[in-house]
Amino acid sequence: MKKISLLSFLILCSLSSVAQPDEDKLGMWYMYFWNHDFKNSQWGLQGDYQYRSWNLINDQEQLLLRTGLTYRPKNTNIKLTAGYGYINSGTYGEGKSSGVENRIYQEALLPQSIGKRFLFTHRFRFEQRFVQNQDPRTRWRYNLFLNIPLNNSSLTAKTTYLALYNELFVNGQRDIGGDRSVEIYDRNRTYGGLGYVFNNGMRVQLGVMRQATDSWIKSQGQVSLHHSF
């Protein structure tokens, strides 16, 4: 009986280690962000499409497709967005199982400049999440972005810039159904990278993001293309 109990314990530990991400292995996120303002209008569209991998490319962490309707109040730099996101999340390692989340979100972007070179953006986002096999729940997010032009005084064409951000995620509820719960603190993301502005409508960034949840910490490389048209 003791041998059976010991064997069961070892199997459970083995399964747990397979499901837990390797914190020492760099993952990669490949991202395309786009933005379009309707001509002579305060309205527009924006979205982002992301493929996230636990390793460099072939172990899917998430496929994220998100699109929103934007509105800019007159005489302000504020941008308001309401949108929808589809997220297909994979499991770490060789397992091919996945789960689907449908997400509705609202956000506000507030730019702020300190001096000529410190370009901040505050992003406040509220999400209503419908995760497969879980009760509906909400999440609050706050992201502080900072872009610092290095060879010009603004983000004009042919500018190289330093890109930084930190984002905090807070769950609105702990109970997710089926006698399961999550922590109020969901995760934190800290990012540092370099960007290059090709022209007024196109720039690219390359950097590393450190993501810390209540159960694991992992670094993710990021390649992102930012397109306004």
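Residues numbered from 1 in each chain as written. Predicted model: local features only at pLDDT ≥ 70, side-chain atom pairs only at ≥ 80, totals over all residues. Heavy atoms only, no water.

Time to look at a nonpolar patch on the surface. A cluster of nonpolar side chains, Leu26, Tyr30, Leu56, Ile57, Leu206, Val208 and Val223, forms an exposed patch at the surface whose accessible area comes to about 610 Å². Structurally, Leu206 can be placed in strand E12 (residues 202-213). Classification of Leu206 as exposed rests on a relative accessible area of 55%. (Patch = residues over 30% accessible without salt bridge, like charges linked within 9 Å, V, L, I, M, F, W, Y side chains within 5 Å. Areas by Shrake-Rupley, 256 points an atom, 1.4 Å probe, with all protein chains shown as cover. Salt bridge = Lys/Arg side-chain N within 4 Å of Asp/Glu carboxyl O. Helix = DSSP H or I, 4+ residues; strand = E, 2+ residues; numbered from the N terminus. Buried < 20%, exposed > 50% of the residue type's maximum accessible area, 1.4 Å probe, protein only.)

Moving on, we get to the confidence of the model for the chain. On average, residues of the chain score 91 in pLDDT, and 92% of them are at 70 or above. Predicted confidence for residues 2-18 stays below pLDDT 50, and this span has one contact to residues more than four positions away or in other chains. (pLDDT = per-residue confidence, 0-100. Contact = heavy atoms within 4.5 Å.)

Attention now goes to the pairing of strand E1 (residues 27-37). Summarising the sheet, E1 and strand E13 (residues 217-228) pair through nine bridges and their orientation is parallel. Bridge pairing in E13 links Tyr32 to Leu225. Pairing between E1 and strand E2 (residues 43-53): 10 bridges, direction antiparallel. Note that in E2 the partner of Tyr30 across the bridge is Tyr51. In sequence, E1 turns back onto E2 through a hairpin of five residues, with Asn40 there showing a positive phi of about 55°. (Pairing = 2+ DSSP bridges.)

This brings us to the pattern of salt bridges. If you walk through the whole model with that rule in mind, you get 13 salt bridges. The shortest N-O distance in the salt bridge between Asp37 and Arg72 comes to 3.8 Å. With Asp37 in strand E1 and Arg72 in the loop between strand E3 (60-71) and strand E4 (79-90), this residue pair connects regions lying 35 residues apart in the sequence. The class of Asp37 is partly exposed, set by a relative accessible area of 34%. We note a salt bridge from Arg187 to Asp186, for which the minimum N-O separation is 2.8 Å. Each member of the pair Arg187 and Asp186 is classed as buried. Three or more residues joined by partner-sharing salt bridges are found here, namely Glu101, Arg103, Arg123, Glu127, Arg129, Arg139, Arg141, Glu167, Asp186 and Arg187.

Moving on, we get to unusual backbone geometry. Positive phi values are uncommon outside glycine, yet Asn40 reaches one of about 55°. Within the secondary structure layout, Asn40 lies in the loop between E1 and E2. At Asp179, a residue that is not glycine, the phi angle is positive and equals roughly 60°. In this structure, Asp179 sits in the loop between strand E9 (175-177) and strand E10 (180-181).

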